[in-house]
Amino acid sequence: MDLFNRQGTTYRQVVDQDLMEHRALSTAVAKAIDTWMESVGSDRGKREPPRLVDLGCGDLGLLAPLLRRLPLGSYLGIDLSAQVLPLAAAALGPVAYPCRWRELDLLSWAAADNPAQPVDILHSAFAIHHLSDGEKARFLDLCRRRIAPGGLFLWADVFRQPGESRDAYGARYVERIRNTWTELSQEERERVVTHLLSFDHPADPVVIQAAAAAAGWRWKWLWRGTHQAEALALLTPA
Ligand SMILES: C[S@@+](CC[C@H](N)C(=O)[O-])C[C@H]1O[C@@H](n2cnc3c(N)ncnc32)[C@H](O)[C@@H]1O
């Protein structure tokens, strides 16, 4: 289902070569969490250290440095692929807070009823676009119930342009891969293309923002890449 399962290290090369602008994205994620930490800082004596859940954590290649310095209460990494979880644990290394790793579908995590464990920081990067539009709307609804008051959801992903069809999005992303991802071999590029055309369902930003509002979220774009695809949204309880 995913590049990690099907194509071994190809996704790692995409990250290492910054082909999807992960570096700028990581900076934006760190800034958002640091800002939030500062805003709750004055309450810190009164509230427990924040719980962070990472949906589709992958191998944590990029998030690990940030996680190592955050004063978290706990971290839960969820991924559909069991094989990435030990890689993620190794990338993170020892930290001062408890970490758990679970092989699980992110929609199943969202659907689980756990009111005793509200999540302060929900993070997901490049995983939710695998859900259908209906599943994405359901996911937003379910996650809204799992977020703590004053919590935040950082959603990094690929998105379509407003009104753009999935086919038109696919065509322009495929053109980008074939023409500019020259750091990958032609065979690797074609594997990514096949994956994208088979499994990717990026949200239309207008449609998904309406679904988020209906589910009780306030939406703000924090960062947009230079290719009208990769972006980071901040969702907070409305
Ligand atoms: C493109 S990788 C991104 C990994 C990491 N978040 C990052 O940004 O480097 C997507 C990850 O999401 C996982 N994934 C895809 N669909 C998922 C789902 N429905 N539930 C949980 N994990 C999923 C994949 O196994 C993969 O590890």
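Everything below is about the structure printed above this text.
First, a word on what this report is: a plain description of the structure on this page. (Residues numbered from 1 in each chain as written. Predicted model: local features only at pLDDT ≥ 70, side-chain atom pairs only at ≥ 80, totals over all residues. Heavy atoms only, no water.)

### Considerations on helix α5 (residues 84-92)
The complete set of buried residues in α5 reads V84, L85, A88 and L92. Projected onto a plane normal to the axis of α5, the buried residues spread over an arc of 100° and lie on a single side. Exposed residues lying more than 90 degrees from the buried face of α5 are P86 and A90. Just downstream of α5, G93 is the residue with a positive phi angle, here 75°. (Buried < 20%, exposed > 50% of the residue type's maximum accessible area, 1.4 Å probe, protein only. Helix = DSSP H or I, 4+ residues; strand = E, 2+ residues; numbered from the N terminus. Arc of directions from axis to C-beta.)

### A word on the side chain of H22
With respect to the secondary-structure elements, H22 resides in helix α3 (residues 22-41). Ignoring anything within four residues of it in the chain, the contact list for H22 reads Y11, V15, L62 and F126. (Contact = heavy atoms within 4.5 Å.)

### Describing the packing of helix α7 (residues 133-146) against helix α10 (residues 205-214)
Between α7 and α10, whose axes approach to 9 Å, the crossing angle comes to 30°. Considering the relative orientation of α7 and α10, their crossing is right-handed. From α7, K136, A137 and L140 reach across to α10, where they touch I208, A211 and A212. For the contact of α7 with α10, the per-class residue count stands at five nonpolar, no polar and one charged. (Axes fitted to C-alpha atoms, helices over the stretch in contact; angles between N-to-C directions. Left-handed = near helix turned anticlockwise from the far one by under 90°. Nonpolar A, V, L, I, M, F, W, Y, C, P; charged D, E, K, R; others polar.)

### Section: the packing of aromatic side chains
For any pair of aromatic rings, the description consists of the separation of the ring centres together with the inter-plane angle of the planes. Under the criterion given, the structure shown has 11 aromatic pairs. Arranged with centres 6.1 Å apart and planes meeting at 5°, the rings of F153 and W155 form a pair that is stacked. Summarising the aromatic geometry, the rings of Y169 and Y173 are spaced 5.6 Å apart at their centres and angled 45° between planes, so their arrangement reads as tilted. Of this pair, Y169 and Y173 are both found in helix α8 (residues 166-180), four residues apart, which corresponds to roughly one turn of the helix. (Phe/Tyr/Trp six-rings, centres within 6.5 Å; stacked < 30°, edge-to-face > 60°.)

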